[in-house]
Structures are given as structure tokens and as C-alpha cells.
Amino acid sequence: MIKYKLVQFLRAAFPFITVILLWRLSVPFWNPAGILAMIPIFYCSFVRPVPWFAPVALLFCFLIDYRFDTLIYWTVMYCVFYAINGFQTFFDLTHADKNALYVFMLFFGVSTLVLSIFGFNLSNLIRAVWLFAWASTLYIPITALIKRVCDDR
């Protein structure tokens, strides 16, 4: 019985732990400022909504902004997309193909493009393209892991 409750607790806590780990494992080239934490933030907020995840997502968007030295940019982008996602009559991300990879690519691509335009030079543009490609590539394995661990079978 205790083992079952522990497994249930770890399943419920896994999205939160994933965000903390991805934010904490920041490396300048592979995960600058912990930006890969946006993957579980996006997935657990919009595609597979987790109860009480929105406040944690806002906090970690703010922490990503703090490390990136951007003034609440990722927090605002998250809030804007959260507001857009409120129009569930037009689209439903919970039933999208490939865990809503294309919607994530749109969200992350527009966000990195706008961010790279503000300090435009060739280096920032190449870094933005690399970050977009890397995050889009890691989206499927990270969301598949979250889905597999949190599945209540």
C-alpha cells in the first residue's frame, strides 16, 4: 500500500520535478538559462494540463527570464499563449497529433524570433535557430517520457 502511494505521488510530482531539473541543468550551449524547461511547461500547461501547474509554470518562466536577463519576456509569452489557449472552441491541444509538436514549434519559434530581433546580429540569429532546432528535437522525447511516467494504467 505504501509503495502504491509512493508511486502515485512520484507520478503526480514528475512534471514538476522535470521542470526543476531542466531549469537547473542549464549549460550555455545546450540549455542556456534552463530554456528547455519550457518544454514541460508548455506540455503540462496546454497539452496535458496538470492541476496546480500554472503557478509553477509562471514561477519558472520568471526564473528563466532572470537567468536569460530578459525583463519578464518568457513570462509574458507564456501568459499570452495561456490567454490564447482559453479559446478552446477554435482549437483543442489536448487532442493534437505528436503531443502538439507543431503548436510548440510555433510558440517557441515566434518567441525566439522576436527575442533575436531585439539584439539583431548574425550570432544571435544563428543562436536562435540552433535553440529552436534543439528544443523542437527534444520536445518529443521529453513529452513522451512525461506521458509514459504520468500514465495512470
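Look a little higher up for the structure.
Residues numbered from 1 in each chain as written. Predicted model: local features only at pLDDT ≥ 70, side-chain atom pairs only at ≥ 80, totals over all residues. Heavy atoms only, no water.

## Side note on unusual backbone geometry
A positive phi angle, near 65°, is found at Trp52, a position not held by glycine. One can find Trp52 in the loop between helix 2 (38-47) and helix 3 (53-68). One non-glycine residue, Ile72, lies in positive phi territory at about 45°. Residue placement: Ile72 occurs in the loop between helix 3 and helix 4 (73-85). (Helix = DSSP H or I, 4+ residues; strand = E, 2+ residues; numbered from the N terminus.)

## Things to note about the packing of helix 3 against helix 4
Taken N-terminus to C-terminus, the directions of helix 3 and helix 4 make an angle of 145°; their axes are 7 Å apart at the nearest point. Contacts between helix 3 and helix 4 pair Ala54, Ala57, Leu58, Cys61, Phe62, Ile64, Asp65 and Phe68 from the former with Tyr73, Trp74, Thr75, Tyr78, Cys79 and Tyr82 from the latter. Taken together, the residues that form the contact of helix 3 with helix 4 break down as 12 nonpolar, one polar and one charged. (Axes fitted to C-alpha atoms, helices over the stretch in contact; angles between N-to-C directions. Contact = heavy atoms within 4.5 Å. Nonpolar A, V, L, I, M, F, W, Y, C, P; charged D, E, K, R; others polar.)

## Things to note about the packing of aromatic side chains
The full count for this structure, using the stated rule, is 21 aromatic pairs. Relative to Phe53, the ring of Phe16 lies with its centre 5.2 Å away and its plane at 50°, an arrangement referred to as tilted. Here Phe16, found in helix 1 (residues 2-24), pairs with Phe53, found in helix 3; they are 37 residues apart in sequence, far enough to count as distant. What makes Phe53 buried here is its relative accessible area of 1%. Consider the rings of Trp30 and Trp130, whose centres lie 5.6 Å apart with planes at 70°: the pair is edge-to-face. (Phe/Tyr/Trp six-rings, centres within 6.5 Å; stacked < 30°, edge-to-face > 60°. Buried < 20%, exposed > 50% of the residue type's maximum accessible area, 1.4 Å probe, protein only.)

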